[in-house]
Amino acid sequence: MHDTDVPLIATRALSAGYGTRPVVSDLDLEVRPGEVVALLGPNGAGKTTTLRALSGDLTPISGEVRWLGTPCHTPLHRRAREGLAYVGERAVFTRLDTTDNLRVGHVPPERAVELFPELEKRLKTGAGMLSGGEQQMLSLARALCRSPRLLLADELSLGLAPLVVDRLLRAVREAADQGLAALLVEQHVRKVLDIADRVYVLRRGRVVMTGTPKELRGELDAIESSYLAKNPTP
Ligand SMILES: Nc1ncnc2c1ncn2[C@@H]1O[C@H](COP(=O)(O)OP(=O)(O)OP(=O)(O)O)[C@@H](O)[C@H]1O
């Protein structure tokens, strides 16, 4: 069993942005071990900015990020050593083959193949020649096979076929069932709600809705139409 009493990562009244202009404000969110949390919202709502502040890539303008209950000011590379994994869009080395991409990430290829058997036949293929789905399996394998404590994933499933999206999300769910804490920024609202424990919806840099997928089912149309509205100005 994993200790779910202390959030692995949490923000308290966090404001973060670029220069002195906050893009997200007054953000209180947390992710506990064993939880998959979805961060949803229209384009420009501040989802990536939030992930960057959580990862240590952006310094908060005010408020704080807490790691295992303690305020945390370390940069991204230090947090990575302490168990944080960040997966962005198709983060592969296109000139290396799949095996070398895994080795660079200190992941034995056989572990990656256990997670995604689809990669077995592609171990000697240049990562630039893989399909989008295979590239994302490779990125996710590189992150998950190092047994991180926290996964921050930005649009894992961008532009991928529905079956591949299911495959990637299932791998995250299974890792969370083993104790991983995961925060996923996703455009596939309905699919991520199928595997998430909790959801935050951001709009114009603020949390406007939060709850379990069950609690938010009735709001699905509103959430999806806010995506189409592309974060309208007030
Ligand atoms: N490096 C940057 N410098 C200045 N402004 C930025 C920078 N990155 C993002 N922004 C601005 O911050 C705001 C929020 O962007 P962010 O990428 O966090 O939103 P998002 O919700 O992830 O959007 P999307 O779904 O389109 O990726 C936008 O207005 C964007 O223009």
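Source: prediction; values computed, not measured.

(A) Highlighting the overall build of the protein chain. In terms of regular secondary structure, the protein chain is built from nine helices and ten strands. Radius of gyration (C-alpha) of the protein chain: 17 Å, near the 17 Å computed for a compact globule of 234 residues. Along the longest, intermediate and shortest principal axes, the C-alpha atoms of the protein chain span 50 × 40 × 35 Å. In the protein chain, buried positions account for 44% of the 234 residues.

(B) Representation of the environment of Val172 in the model. Considering the arrangement of structural elements, one finds Val172 in helix H6 (residues 162-177). A count of 23 C-beta atoms within 10 Å places Val172 in the buried class. For the pair Val172 and Ala196, spaced 24 residues apart in sequence, the C-alpha separation works out to 9.8 Å. Excluding anything up to four places from it in sequence, Val172 contacts Val36, Leu151, Ala182, Leu184 and Ile195.

(C) The packing of helix H5 (residues 132-144) against H6, seen in detail. Viewed as axis vectors pointing N to C, H5 and H6 meet at an angle of 5 degrees, and their least axial separation amounts to 10 Å. One finds that H5 runs roughly parallel with respect to H6. Taking contact as the criterion, the partners of Gly133, Gln136, Met137, Leu140 and Leu144 in H5 are, on H6, Val164, Leu168, Ala171 and Ala175. Grouping the constituent residues of the contact of H5 with H6 by class yields seven nonpolar, two polar and no charged.

(D) Highlighting the environment of Ala13. Mapped onto the elements of the fold, Ala13 is located in strand S1 (residues 9-18). Assessed through the 12 C-beta atoms surrounding it within 10 Å, Ala13 is described here as exposed. Residue contacts for Ala13: discarding those within four places in its chain leaves Asp26, Asp28, Ser62 and Gly63.

Calculation criteria
Residues numbered from 1 in each chain as written. Predicted model: local features only at pLDDT ≥ 70, side-chain atom pairs only at ≥ 80, totals over all residues. Helix = DSSP H or I, 4+ residues; strand = E, 2+ residues; numbered from the N terminus. Rg over C-alpha atoms; globule rule 2.2 N^0.38 Å. Buried ≥ 20, exposed ≤ 12 C-beta atoms within 10 Å, placed from the backbone. Contact = placed C-beta atoms within 7 Å. Axes fitted to C-alpha atoms, helices over the stretch in contact; angles between N-to-C directions. Parallel < 35°, antiparallel > 145°, perpendicular 65-115°, else oblique. Nonpolar A, V, L, I, M, F, W, Y, C, P; charged D, E, K, R; others polar.

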